[in-house]
Amino acid sequence: TEEKSADKVWEQPWGEFKKIRDHHNELIVHLQETAGEKRLVDIIFRVFDDGLGFRYHFPKQPNLDKVKISNEITQFTFPFDNDVWSIPVHRDNSYYESTYKKSPMSKTDTINTPATFETKDKLFVAIHEAALTDFASMTLLKSKGNQYKSDLVPWRDGVKVYAQTPFNTPWRTIIVGTKPGDLVTSTLMLNLNEPSKIEDTSWIEPSKYIGIWWGMHLETFTWGQGPKHGATTANTKRYIDFAAEHGLDGVLVEGWNVGWDGDWTADGKALSFTQPYPDFDLDEITKYATQKNVRLIGHHETAGAAKHYESQMEEAFKLYNSKGVNAVKTGYVNKYLDKKEWHDGQYGVRHYRKVVETAAKYKIMIDNHEPVKGTGLQRTYPNLMTQEGARGQEYNAWSNDGGNTPEYMNTLLFTRMLAGPLDYTPGNFGFDYKLPQGAKVQTTLAAQLALYVVLFSPLQMASDLPENYVGKPEFKFIKEVPCIWADTKPLDSKIGGYNTIARKDWNSENWYLGAITNEEARDMKVALSFLDKGTTYTAEIYADGPGADYKTNPYPVAMSTQTVNSTTVMNLKLASGGGAAVKFTPVKK
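Please read all numbers here as calculations on a predicted model, not as lab measurements.

Peer 1: Help me understand the overall build of the chain, please; the structure alone is not making it clear to me.
Peer 2: Along the backbone of the chain there are 12 helices and 31 strands. In terms of overall size, the chain behaves like a compact globule, its C-alpha atoms giving a radius of gyration of 24 Å where 589 residues would be expected to give roughly 25 Å. For the chain, the C-alpha atoms occupy an extent of roughly 75 × 60 × 45 Å along the three principal directions. Every one of the 589 residues in the chain was classed for burial, and the buried ones make up 63%. In the chain, the share of contacts with a sequence separation of at least 24, taken over all contacts with a separation of at least 6, comes to 71%. Approximately 22900 Å² of the chain is accessible, and the part contributed by carbon and sulfur atoms is 50%. Here the chain contributes 67 positively and 73 negatively charged side chains, and the mean placements of these two sets differ by 2 Å.

Here is the structure:
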């Protein structure tokens, strides 16, 4: 065995904390087969105050060169049949778009990580992984007793992983806390990833944007050509004008490129990533955007045709780079990649990594939809800004189960968010749309504001149609709320019930607070002890107004100001499915 320890502080170019302390003890156990080929393997443990990571390392050795891994038999055994918040593996689709459900471990089958456990001895435990690189995702297969076994997502041929020594597995991680918020503030996953490979990160910029996107989900626009085509030169300019007027720095445009007509999901081979439709003048639009100090955010939907995308990727990123486009939303709407492999197998992991590395070469930030789960790769490649990998706002337009419930919204911080930033796309102000499926945004307007603080993403969308923001005083909060944070303080929470979180702006002394609740209306008392002692603040409060209710009347917002300090206990009234958002600005002496 070997033992080491580390205690150092490093800074992120963006995140939920400006500075991160990496404080751990390490134990390396060198193992060798006692007979036969005497093959070698090391198990490396790193133990932090809030949990641990362990990985297997296979050194270069005479009797182990190229390997096919058929199984990994790591086991996680609990003393009790605890409750777990989880989503099933590959049941609804292959990209984690399921509703988190709480159930006893004994009632689960195979679940994805992060999986969050509420234990019988009053602890909160999350099992996940870190530094998933050229390997298969780990899922958890319920085995005997109170036990899960690592179940690696296979290739189509049944092999789990192809490797060559020397190689490491990802870190298997366990975070432990006495309250749900302890899981949220853990930086263990980031600490187990390699430092940034991008030396100059000055081009990596958080962004607040709008997009030609929600209109497609509402069926007022189309992605493909025709009378309702959304991505036209005129319509994009209209969005750019709106962004410029309101201080937003980006406009996402979906459906700009050839290949969307007909059933674009069939195989993705029709999609071009360099050729615009005739009614979309890329040169004119990017010039216009530059004049207005707004960036175009590119869009590459692949329909899961990964190889087809890779064949054009370099050229596509080069084109965007030449036009001043520095962010791209990618998409993989198909159950399989290239009609055969899971998104979260080694095949997918390799592809997504290649995209991020190639994008970095051309100074492009990535927002990846239908991804492999986040495991902290944003530390190594900080241009991997945010990902989907959850049921996002779009489900509130067309999901036949009615959309994302208030209970679901109150699970995300303690489950999916443990895997990294989430592009949920909050900010809906219009609740009166009617679509055949009958889905709806199941929050109040005030709760939509709170989501900008609750759900972290360095690229944040104001998801609604621009016209729904016009003349709405509440829009001021979306315009002002930051996308990155110098500090994060979870306050009070119950997974699936309610949560309150405070975050400090990366670039100023301002603090922000977001609170949301499930179907149950609540009177919340929030102690403001996170504020700097001895400083007076003006609190701008956006709370649910009289009569607000997510089902019957989501619109009322009560806006008020209050003078507060670190000893104040603020009273917030949250409606059913409601929320509150607060901005705290220090009063200049």
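Peer 1: Got a minute to help me understand the pairing of strand β3 (residues 40-48) in this structure?
Peer 2: Note on strand geometry: in a regular strand, side chains alternate between the two faces of the sheet. Where strand β2 (residues 19-32) and β3 come together, 8 bridges link them in antiparallel fashion. Note that in β3 the partner of H30 across the bridge is D42. As paired strands, β3 and strand β4 (residues 51-58) are joined by 7 bridges and run antiparallel to one another. When the sheet's bridge partners are listed, F48 is paired in β4 with G51. Connecting β3 to the next strand, β4, in antiparallel fashion are 2 residues.

Peer 1: How should the pattern of salt bridges be read in this particular structure?
Peer 2: Pairing between side chains of opposite charge can happen when the charged atoms of each approach one another. Tallied over the entire structure, the rule returns 34 salt bridges. Among the salt bridges present, the one from E467 reaches R238, with a minimum N-O distance of 3.6 Å. Here E467, found in the loop between β23 (459-461) and α12 (475-480), pairs with R238, found in helix α4 (residues 233-245); they are 229 residues apart in sequence, far enough to count as distant. A salt bridge links E314 to K361; the nearest nitrogen and oxygen atoms lie 2.6 Å apart.

Peer 1: Explain the packing of α4 against helix α5 (residues 282-291) to me, please; I cannot follow it from the model alone.
Peer 2: The packing of two helices is summarised by the inter-axis angle and the distance between the axes. The geometry of α4 relative to α5 is characterised by a closest axis approach of 10 Å and an angle of 10° between their N-to-C directions. With respect to their mutual orientation, α4 and α5 come out roughly parallel. On α5, the residues that touch T233, T236, K237, I240 and D241 of α4 are E284, I285, Y288 and A289. Grouping the constituent residues of the contact of α4 with α5 by class yields 4 nonpolar, 2 polar and 3 charged.

Peer 1: What is the right way to look at the sheet that holds strand β6 (residues 75-77) in this model?
Peer 2: Hydrogen bonds between backbone groups are what pair the strands of a sheet, and the pairing can be parallel or antiparallel. Within the open sheet, the 4 strands sit side by side as β6-β13-β12-β9. Their pairing is antiparallel. Edge positions in the open sheet fall to β6 and β9 (110-111), since each of these has one partner strand only. Where β6 meets strand β13 (residues 147-152), 3 bridges bridge the pair, whose relative direction is antiparallel. When the bridges of β13 are listed, F76 appears paired with Y148.

Peer 1: Could you clarify how one ought to interpret the pairing of strand β17 (residues 207-212) in this entry?
Peer 2: Of all 6 residues in β17, 6 are buried, a share of seventy percent or more. Judged by which residues are buried, β17 turns out to be covered on both faces: S207, Y209 and G211 on one side and K208, I210 and I212 on the other are all buried. Here β17 runs beside strand β18 (residues 250-253); their pairing, made up of 4 bridges, is parallel. Considered in β18, the bridge of I210 is made with V251.

Peer 1: Honestly, α4 in this entry has me stumped. Any pointers?
Peer 2: An α-helix turns once every 3.6 residues. As a result, residues three or four positions apart point the same way. Taking 1.5 Å per residue, 13 residues should reach 18 Å; α4 reaches 18 Å between its end C-alpha atoms and fits that length. A positive backbone phi angle near 75° is found at G247, which sits one or two residues after α4.

Peer 1: What is the right way to read the packing of helix α6 (residues 306-322) against helix α7 (residues 346-361) from this model?
Peer 2: As a packed pair, α6 and α7 sit with axes 10 Å apart at the nearest point and diverge in direction by 5°. It follows that α6 is roughly parallel to α7 by the angle criterion. Across the interface between the two elements, A306, K307, Y309, E310, M313, E314 and F317 from α6 touch Y347, H351, K354, V355, T358, A359 and K361 from α7. In terms of residue class, the contact of α6 with α7 is made up of 7 nonpolar, 2 polar and 5 charged.

Peer 1: How do you make sense of the packing of aromatic side chains when you look at a structure like this?
Peer 2: What describes a pair of aromatic rings is the distance from one ring centre to the other and the angle between the planes of the rings. Summed over the entire model, instances satisfying the criterion amount to 30 aromatic pairs. Where W256 meets Y320, the ring centres are 5.9 Å apart and the plane angle is 45°; that geometry is what we call tilted. On the criterion of sequence distance, the pair formed by W256 in the loop between β18 and α5 and Y320 in helix α6 is long-range, its members being 64 residues apart. On the basis of relative accessible area, W256 is assigned to the buried category, the value being 2%. Residue Y320 is classed as buried on the basis of its relative accessible area, which comes to 2%. A centroid spacing of 5.9 Å and a plane angle of 65° characterise the contact between F477 and Y512, whose relative ring orientation is edge-to-face. Of the two residues, F477 sits in helix α12 while Y512 sits in strand β26 (residues 511-517), which places them 35 residues apart along the sequence. Accessibility classification places F477 together with Y512 in one group, the buried group.

What counts and what doesn't
Residues numbered from 1 in each chain as written. Predicted model: local features only at pLDDT ≥ 70, side-chain atom pairs only at ≥ 80, totals over all residues. Heavy atoms only, no water. Helix = DSSP H or I, 4+ residues; strand = E, 2+ residues; numbered from the N terminus. Rg over C-alpha atoms; globule rule 2.2 N^0.38 Å. Buried < 20%, exposed > 50% of the residue type's maximum accessible area, 1.4 Å probe, protein only. Contact = heavy atoms within 4.5 Å. Areas by Shrake-Rupley, 256 points an atom, 1.4 Å probe, with all protein chains shown as cover. Lys, Arg positive; Asp, Glu negative; His and termini not counted. Charge placed at Lys NZ, Arg CZ, Asp CG, Glu CD. Pairing = 2+ DSSP bridges. Salt bridge = Lys/Arg side-chain N within 4 Å of Asp/Glu carboxyl O. Axes fitted to C-alpha atoms, helices over the stretch in contact; angles between N-to-C directions. Parallel < 35°, antiparallel > 145°, perpendicular 65-115°, else oblique. Nonpolar A, V, L, I, M, F, W, Y, C, P; charged D, E, K, R; others polar. Expected span 1.5 Å × (residues − 1). Phe/Tyr/Trp six-rings, centres within 6.5 Å; stacked < 30°, edge-to-face > 60°.

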